[in-house]
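# Per-entry structural report
Chain by chain, the residues:
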Amino acid sequence: MFGQFAASTQFYLHGRKHFTRTGWEAASKLYPQPDPLASFNLAGKVYIVTGANQGIGFEIAKYLASRGGKIFMVCRNEARAEAARLAIVEQTKAQTSNVCCLICDCGVESDVRGMWEQFRRSMAQADPDQPVALNGLVCNAGALFNEKTQTPQGLETTFASHLLFGSYLMSQLALPHLRAAEDPRVVLVSSGGMLNAPFPRWEVATSQEGDYSGN
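The following refers to the structure shown. It should be emphasised that the depicted structure is a prediction, and the values quoted were computed from it without experimental measurement.

### Observations concerning the overall build of the protein
Helices and strands together make up the secondary structure of the protein, namely 7 helices and 5 strands. From first element to last, N terminus to C terminus, the protein shows the α and β order α-α-β-α-β-α-β-α-β-α-β-α. Relative to the compact-globule value of 17 Å for 215 residues, the protein shows a C-alpha radius of gyration of 19 Å, a close match. Along the first, second and third principal axes, the C-alpha set of the protein runs to 60 × 45 × 30 Å. Residues counted as buried form 34% of the 215 residues belonging to the protein. Considering only residue pairs separated by 6 or more positions, the protein has 68% of its internal contacts joining residues 24 or more positions apart. When the accessible surface of the protein is split by element, carbon and sulfur atoms take 55% of a total near 13,400 Å². The protein carries 19 positive and 19 negative side-chain charges, and their two centres are separated by 7 Å.

### With respect to the nonpolar core
In this structure, Ile48, Phe72, Met115, Trp116, Phe119, Leu134 and Met170 are the most contacted members of the largest nonpolar core, which totals 23 residues. Of all the secondary structure elements, the ones that give two or more residues to this core are β1 (46-50), β2 (70-75), β3 (99-103), α5 (109-126), β4 (136-139) and α6 (157-179). The leading source of residues in this core is α6, at 6 residues. Not counting the four nearest positions on each side in its chain, Met115 is found in contact with Ile48, Val74, Leu102, Cys104 and Met170. Counting 18 residues, the second largest nonpolar core, distinct from the first, contains Tyr47, Val49, Ala61 and Met73.

### Looking at the packing of aromatic side chains
Following the criterion strictly, the structure yields 3 aromatic pairs and no others. A centroid spacing of 5.0 Å and a plane angle of 85° characterise the contact between Phe72 and Phe119, whose relative ring orientation is edge-to-face. You can see Phe72 sitting in strand β2 and its partner Phe119 sitting in helix α5, a full 47 residues away along the chain. Here Phe72 matches Phe119 in class, with each residue buried.

### Describing the pairing of strand β5 (residues 185-188)
When β4 meets β5, the two strands line up parallel, connected through 4 bridges. Note that in β5 the partner of Leu137 across the bridge is Val186. Crossover β4 to β5 through α6 is right-handed.

### Things to note about the pattern of salt bridges
Evaluated as defined, the whole model comprises 8 salt bridges. A salt bridge links Asp183 to Arg185; the shortest N-O distance between them is 2.8 Å. For Asp183, a relative accessible area of 54% puts it in the exposed group. A single salt-bridge network, built from bridges that share partners, covers Arg201, Glu203 and Glu209.

Each value, and the rule that gives it
Numbering of residues starts from 1 in each chain and follows the order in which that chain's sequence is written. The predicted nature of this model means local features are confined to residues of pLDDT at least 70 and side-chain atom pairs, given and counted, to a pLDDT of 80 or more, with totals for whole chains, interfaces and linings taken over all residues. Excluding hydrogens and water, the side-chain values take into account all heavy atoms of the structure. Numbering of helices and strands runs from the N terminus, with a helix taken as a DSSP run of H or I at least four residues long and a strand as a DSSP run of E at least two residues long. We compute the radius of gyration over the C-alpha atoms and compare it with the globule rule, which gives 2.2 Å times the number of residues raised to the power 0.38. Under the scheme applied here, a residue whose accessible area is under 20% of the maximum for its type counts as buried, over 50% as exposed, and between as partly exposed, the area being computed with a 1.4 Å probe on protein chains only. The contact rule is simple, with two residues in contact once any of their heavy atoms fall within 4.5 Å. The protein chains shown are the only cover counted for residues, whose accessible areas, like all others here, come from Shrake-Rupley with a 1.4 Å probe. Counted charges follow a simple rule, with Lys and Arg positive, Asp and Glu negative, and His plus the chain ends left uncounted. Think of each charge as sitting on NZ of Lys, CZ of Arg, CG of Asp or CD of Glu. Residues belong to one nonpolar core when they are buried, are Ala, Val, Leu, Ile, Met, Phe, Trp, Tyr or Cys, and are joined through side-chain atoms within 4.5 Å. Here a pair means two rings of Phe, Tyr or Trp (six-membered ring of Trp) with centres within 6.5 Å. Their orientation is stacked below 30 degrees between planes, edge-to-face above 60, and tilted elsewhere. What makes two strands pair is DSSP finding at least two bridges between them. Orienting the strands away from the viewer, one traces the path from the first strand over the helix to the second; a clockwise path indicates a right-handed crossover. Salt bridges are defined by distance alone: a side-chain nitrogen of Lys or Arg within 4 Å of a carboxyl oxygen of Asp or Glu.

Here it is, written out as structure tokens:
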């Protein structure tokens, strides 16, 4: 118990110092100038960002669109996805056809597999004679619950969304498309909470044993 308290306190103090506005302003002084992010040209490149209708996922998708990339926003809710898509188009002046939505719950295996079918069909419509290439996949979607919840398949929701389907299966199914692109990337996004709790035994991580903890 004391170890967890000490880790939480250390994480809080570290976050207060480095991850507030003051921390960002101090760190940004070390970045190269002019900022290389302002000059990238991503025209002709294709990206998928999960959990893209809000937060970090939305900002990543917006940036990629602002540099001319073709973006597929993976979201669970169609209405929120469309609202976010329209906001990105308006804020970046991107071509409407370059900002697309794929409806998928990253914690559900059939949804993840179906999402890739949606992606392939959409890309084939634009150029059916070319291999479907993907330059970057950003696995950002996730969920953290105070009470144990399960997917329709009976899996704990956080585990299924963050790791099993939202990262592992998502990346595995992306491989053929990543290999068709030049210098592709997969980016896994985590919260700072990973610094606050060690990865437990598999049976605990999958909520098969012990009391449930979202962390």
